[in-house]
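Survey of secondary and tertiary structure
Single-letter residue listing:
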Amino acid sequence: MSNLFDLLVAGLATGAIYALVAVGFTLLWQTSQTINFAQGEFVMLPAFLMLAAMHAGAPFWLAIILGILLSMLLLGLAFKLLLVDPMMRHGVLPLAIATMALAIGIKEAVKQFFSAEASPFPSIVPTGDISLLGHAVSLQSIGVLVLAILAVFGLTTLLNRTSLGHQMQAAAQNPTVARIIGVPVERMILLTFLINAFLVALASLLITPIYLAKFSSGEVLGQAAFVAAIVGGFNQVRGAIAGGLLIGVLDNLAASYVSTQYRAAVPLIFLIVVILFRPQGLLGRAEERTV
Amino acid sequence: MTGFAKPLKIGLGLIVIAGLIVVPMNFNRYGLFILSQWAVMTIAAMGLNLTLGYAGQVSLAQGAFVGIGAYAAAIMTTHGWPLPAAIVVAIALSFAVGWVLGYPALRVQHHYLAFVTLAFSTLAFLVFRNESWLTGGIYGISNIPRPHIFGLATNKPLPFYYVCLGSLAIVSVAVWWLIRSPWGRAFMALRENPLRAQSLGIDTRRYTLMAFAIGSALGGVAGALYAPLTQYIDPVPFNLSLSLDLLMMVIVGGAGFYFGPFLGAMIAVLLPEWLRFTEGYYLMLYAIAVMLLLIWSPTGILGILDRYMTARRTKVASALRAVAKSRLETVQ
């Protein structure tokens, strides 16, 4: 029983990070029909930006700020202006392929300019265990969970409670009408790209201390975030959050209750079942079929 | 105009075919390997081009079918079966699995389909890796023999290159025939407008499943050639990135164009080799090249050519119209 509790907490912690990554993914899809196959690499890169800043002599807190700013500049602004904007009118598939190429580019650049080896990364949460309901729980899991939940909570508050958030939602749901009622749609789309860049930088900061900074670590993470986004609902922020937590827990439970060899298969089989029976995702709304 | 273009095209085709036969004769071992790899990947990409480019069904599982074909060939030939028998089994097996994978396509479309096939691709990789009693697990299968064709051993790189090239030729003719047959037209109708296709009496269910099954079967053929080409297989080459690479080949070459896969595979297999002199930067440059190409022409390389030809044809047509009009005016 205690084992189950530990698994749940660890699963929720990884799930919360998946949720952060998946939320950004659904935001981009909603506002600009971008399927970003480089989302995993987007999570991998900020950690290296922070490491590079630290190697240049910056203290940890300054490296974090620089890393987040650079990430918003490169993965938010430059990504939108240089790749998404010129390709948006060409439809989903060529852009998806271009982001695959971008994923290769980012991976190779990190390998070439930084290191092919895994590097340790300092944790912003102190290590150690605390006692919770009679169980020793790793402080890192709790810290990651709390920070990720705070970020997601902040985002949903922004989206649902503020005028800016309402404008963003309007721009995402119906750009034409939003434009007519005076929403600066272009600026709102740019804002979602910046938010995505911020979220991946935060996810990077939280997950890298656990799994080390490695150029190839984006692949697994990207795939997990996709699965989470689809399972929860491709077009819903709350769907992506629920999907992230669900996949995180499922993944951890599968590792100890199914087989370690087929651990990765459990979320995927779950994904196939969900898509076949509820293509819009567990919490998603159905999109009209465009024929 | 067109009467002029046809012999030109045939002449050009003959020169390319002759070049592919003659020029590699003085290539070294590695050059021949890369060129054989190009032929094999072209076959796999042609299969995906049928599924995606002609029938409009997004699949991220083609790499898994190359894996299925490769393992079928590796297991059978190391147990003493001849390669042609293994190819037949590879075709049958990938056709059957592809047919089953077509079922989700009847329910979900576009990105959802992409993700179902993506999941299938990863599941196939897990099976290759974990079922060691069959696939050798992470240690893979080594000493895969190369076949004897009409009593001739193809152990050396050059004869086996001709095996790959010959197979590519057979597949090319078959695909050429297929897309000009009623089947090919039905696929295209399915891509352009599924509802209208159905109203025209096309059994969309059957053709969707067929598009997946035939495309996958070609992936199986490519795999069955890949195994004897490398003579050693393990699960790694058949992971998701192969499927993504094949998808990239089809889009970059030009989805829905017959010659798209040939060019796409050339870019994906040969360009990184040509860029190798830049040492560690070659994959980065390759990625940048792909992005720039797609920004410039989202319909791939052949899309550029197609646009150019259309523009020229329009120009010629409007020139003809102007001439006709002026003649009409002088008569009056």
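What you are looking at is a predicted structure, and each value in this text was computed from that prediction instead of being measured.

What follows deals with the overall build of chain B. Of the regular secondary structure elements, chain B holds 14 helices and two strands. Its C-alpha radius of gyration of 22 Å places chain B within 12% of the 20 Å reference for a compact globule of 332 residues. In terms of principal-axis extent, the alpha carbons of chain B reach across some 85 × 50 × 45 Å. Burial status across chain B gives 51% buried among its 332 residues. For chain B, long-range pairs separated by at least 24 residues make up 77% of all intrachain contacts whose partners lie at least 6 apart in sequence. Approximately 16100 Å² of chain B is accessible, and the part contributed by carbon and sulfur atoms is 70%. Distance from the positive charge centre (21 side chains) to the negative charge centre (9 side chains) of chain B: 11 Å.

Here the focus is the pattern of salt bridges. Residue and element names in this part refer to chain A. Enumeration according to the criterion identifies seven salt bridges over all chains in this entry. Between lysine 111 and glutamate 108 there is a salt bridge whose closest N-O contact spans 3.9 Å. Placement of both lysine 111 and glutamate 108 in helix α4 (residues 92-113) is noted, with a separation of three residues, approximately one turn of the helix. With a closest N to O distance of 3.4 Å, arginine 263 and aspartate 251 form a salt bridge. Of this pair, arginine 263 sits in the loop between α10 (237-257) and α11 (265-277) while aspartate 251 sits in helix α10, and the two are twelve residues apart along the sequence. Classification of aspartate 251 as buried rests on a relative accessible area of 14%. Here the salt bridges share partners, and the residues they tie into one network are Glu41, Lys107 and Glu219.

What follows is about the interface of chain A and chain B. Opposite the 42 residues of chain A that make contact, chain B presents 39 residues. With both chains or domains summed, chain A and chain B bury close to 3700 Å², and 78% of this area falls on carbon and sulfur atoms. The tally of links between chain A and chain B comes to zero salt bridges. Across the chain A-chain B interface, the total number found is five residue pairs in polar contact (both at pLDDT 80 or more). Mapped onto the side of chain A that touches chain B, the elements with two or more residues apiece are α1 (2-32), α3 (60-87), α4, α9 (218-232) and α11 of chain A. At 13 residues, the largest contribution of residues to the side of chain A that touches chain B is made by α4 of chain A. Of the residues that constitute the side of chain A that touches chain B, the class distribution is 33 nonpolar, six polar and three charged.

Let us now look at the packing of helix α4 (residues 83-107) of chain B against helix α5 (residues 110-130) of chain B. All names here are of chain B. Contact geometry for α4 and α5: axes closest at 9 Å, N-to-C directions at 145°. The handedness of the crossing between α4 and α5 comes out as right-handed. Touching Val97, Leu101, Pro104 and Ala105 of α4 are Leu113, Val116, Thr117 and Phe120, all from α5.

What follows deals with α4 of chain B. Across its 25 residues, α4 of chain B extends 37 Å between first and last C-alpha, which sits within 8% of the 36 Å expected from 1.5 Å per residue. Every buried residue of α4 of chain B is accounted for by Leu83, Ala86, Ile87, Ala90, Ser94, Gly98, Leu101, Gly102, Pro104 and Ala105 of chain B. In this structure, the buried residues of α4 of chain B make contact with α11 of chain A together with α3 (62-78), α5 and α10 (204-230) of chain B.

Once that is clear, we can look at the confidence of the model for chain B. Predicted coordinates in areas of low pLDDT are best not read in detail. Residues and elements named next belong to chain B. Of all residues in chain B, 98% have pLDDT values of 70 or greater, and the mean over the chain is 89. At the level of individual helices and strands, chain B shows its lowest average pLDDT in strand β2 (residues 152-153), which scores 77, and its highest in α3, which scores 95. Here the predicted complex scores 0.86 on pTM and 0.84 on ipTM.

Below, the discussion takes up the environment of alanine 136 of chain A. All names here are of chain A. Locating alanine 136 in the fold gives a position in strand β2 (residues 135-138). What makes alanine 136 exposed here is its relative accessible area of 52%. Sequence-distant contacts of alanine 136, defined by excluding residues within four places in its chain, comprise Asp6, Asp129 and Ile130.

What counts as what
- Residues numbered from 1 in each chain as written.
- Chains lettered and ligands numbered in written order.
- Predicted model: local features only at pLDDT ≥ 70, side-chain atom pairs only at ≥ 80, totals over all residues.
- Heavy atoms only, no water.
- Helix = DSSP H or I, 4+ residues; strand = E, 2+ residues; numbered from the N terminus.
- Rg over C-alpha atoms; globule rule 2.2 N^0.38 Å.
- Buried < 20%, exposed > 50% of the residue type's maximum accessible area, 1.4 Å probe, protein only.
- Contact = heavy atoms within 4.5 Å.
- Areas by Shrake-Rupley, 256 points an atom, 1.4 Å probe, with all protein chains shown as cover.
- Lys, Arg positive; Asp, Glu negative; His and termini not counted.
- Charge placed at Lys NZ, Arg CZ, Asp CG, Glu CD.
- Salt bridge = Lys/Arg side-chain N within 4 Å of Asp/Glu carboxyl O.
- Buried area = accessible area lost by both parts, 1.4 Å probe.
- Polar contact = N/O pair within 3.5 Å; in protein donor to acceptor, adjacent residues only side chain to side chain.
- Nonpolar A, V, L, I, M, F, W, Y, C, P; charged D, E, K, R; others polar.
- Axes fitted to C-alpha atoms, helices over the stretch in contact; angles between N-to-C directions.
- Left-handed = near helix turned anticlockwise from the far one by under 90°.
- Expected span 1.5 Å × (residues − 1).
- pLDDT = per-residue confidence, 0-100.

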